[in-house]
Structures are given as structure tokens and as C-alpha cells.
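Below are the chains, spelled out letter by letter.
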Amino acid sequence: MPPDLRFRVTTAFQRRVNPLLRRLPLQTVLETRGRVSGLPRRTPVGGRRVGDSFWLVSEFGERSQYVRNIMADPRVRVRIRGRWHEGTAHLLPDDDPTARLRRLPRINSLGVRALGTDLLTVRVDLTG
């Protein structure tokens, strides 16, 4: 499937499924601030906490809306196992996202690898 079509199909699917997933109490959720509206935007994500950092890989890099929001304001919150943590997100274009995915939860990593077209590692330094 061509990358642009894969992006459109995946985002159309996510628009329908994400509102349901983010309501699940144990689903990991990344909250950013809308770069135009300033309103909280919540996105279900897969990733893993390692010490005081939370790691994830965006399947569409800078095309992902939450990545664009991070670029405008890196202050975020992450809900991990039902508890909210504040933090600062960092985009890591020099990190190897494929290698990073091997260290993250398997089910999400398979989806990101299968659907992703422009992988980008994101690290959130947790403060609370």
C-alpha cells in the first residue's frame, strides 16, 4: 500500500477507535495541548515507562497530530496504569525507532511497524 494511502486509511481508522480506547481505564494515553485551540488532546498510545521517562514511537513522525502539538508545546501528561504523570516530551529524530520498538510492548510495536511510514521516537521526561 502506498505510504499516503496507508496514512489516510490508518488515521480514518484511528479517528473511530481512539475515542473508545482513551476511555479504557488502563489504556496508556498521551495528553497534549492543541497547537491552535489550546484545548487538551488525548491520544491512546503504546509505549513503556523506563525509570523517570516514558518512551513511544510515532508511526507517522511529524505528520502525527500529537507530534505537531508537542512541537508547539512540549509540556504533556501521560496516563500510565490509570495514573496521570506530567512531563516534557522530546522528539528524537536521531534515535533508531526500529530498535526502540523492540524494547516497547510487542502488540503496539507490531502495529506501528506494519502501519508506520515515518517512524519517530518520542521520550517524555516525567516530573510527577
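Residues numbered from 1 in each chain as written. Predicted model: local features only at pLDDT ≥ 70, side-chain atom pairs only at ≥ 80, totals over all residues. Heavy atoms only, no water.

Undergrad: Before we move on, can you summarise the pattern of salt bridges with the specific residues and values?
TA: Within the structure shown, the criterion is met by 6 salt bridges. Notably, a salt bridge pairs E31 with R42, separated by 2.6 Å at the nearest N-O pair. Of the two residues, E31 is situated in strand β1 (residues 29–33) and R42 in strand β2 (residues 40–44); the sequence distance between them amounts to 11 residues. Owing to a relative accessible area of 38%, R42 belongs among the partly exposed residues under this scheme. For D73, the salt bridge identified is with R75, shortest N-O distance 2.9 Å. Residue D73 is classed as buried on the basis of its relative accessible area of 16%. Salt bridges linked by common partners bring E31, R42 and R77 together as one network. (Salt bridge = Lys/Arg side-chain N within 4 Å of Asp/Glu carboxyl O. Helix = DSSP H or I, 4+ residues; strand = E, 2+ residues; numbered from the N terminus. Buried < 20%, exposed > 50% of the residue type's maximum accessible area, 1.4 Å probe, protein only.)

Undergrad: Would you mind going over the sheet that holds strand β6 (residues 83–92) in detail, with residue names and values included?
TA: A sheet is described by the order of its strands in space; here 7 strands give the open sequence β2-β1-β5-β6-β7-β4-β3, paired in antiparallel fashion. Here the strands that pair on one side only, and so sit at the sheet edges, are β2 and β3 (48–50). Strand after strand, the sheet turns through a mean of 35 degrees between neighbouring axes, direction not considered. In the sheet, β6 pairs with strand β7 (residues 120–126) via 6 bridges, with the strands oriented antiparallel. Paired with L91 across the two strands is V122, which belongs to β7. Strand contacts of helix α2 (residues 65–72): β1, β2, β4 (53–58), β5 (75–80), β6 and β7, with the helix running at about 50 degrees to β1, the strand carrying the most contacts. (Pairing = 2+ DSSP bridges. Axes fitted to C-alpha atoms, helices over the stretch in contact; angles between N-to-C directions. Contact = heavy atoms within 4.5 Å.)

Undergrad: Tell me what's going on with the pairing of β5, and back it up with residues and numbers.
TA: Where β1 and β5 come together, 3 bridges link them in antiparallel fashion. Bridge pairing in β5 links E31 to R77. The turn joining β5 and β6, which pair antiparallel and follow one another in sequence, is formed by 2 residues; a positive phi near 50 degrees is taken by R81.

Undergrad: Outline the side chain of E31, listing residues and values.
TA: We classify E31 as buried; its relative accessible area is 7%. For E31, the side chain forms a polar contact with the side chain of R42, separated by 2.6 Å. In this structure E31 touches P40, R41, R42, V76, R77 and W84, once residues within four positions along its chain are discounted. (Polar contact = N/O pair within 3.5 Å; in protein donor to acceptor, adjacent residues only side chain to side chain.)

Undergrad: So, the nonpolar core: which residues are in play, and what are the values?
TA: Taken as a class, soluble globular proteins show a tendency for nonpolar side chains to be buried jointly. Core analysis: the largest hydrophobic core is formed by 15 residues, its most contacted members being L30, F54, I70, V78 and V124. Elements supplying a minimum of two residues to this core: β4, α2, β5 and β7. With 4 residues, β7 is the single largest residue contributor to this core. Residue contacts for L30: discarding those within four places in its chain leaves R41, R42, T43, V45, Y66, I70, V76, R77 and V78. (Core = buried A, V, L, I, M, F, W, Y, C linked by side-chain atoms within 4.5 Å.)

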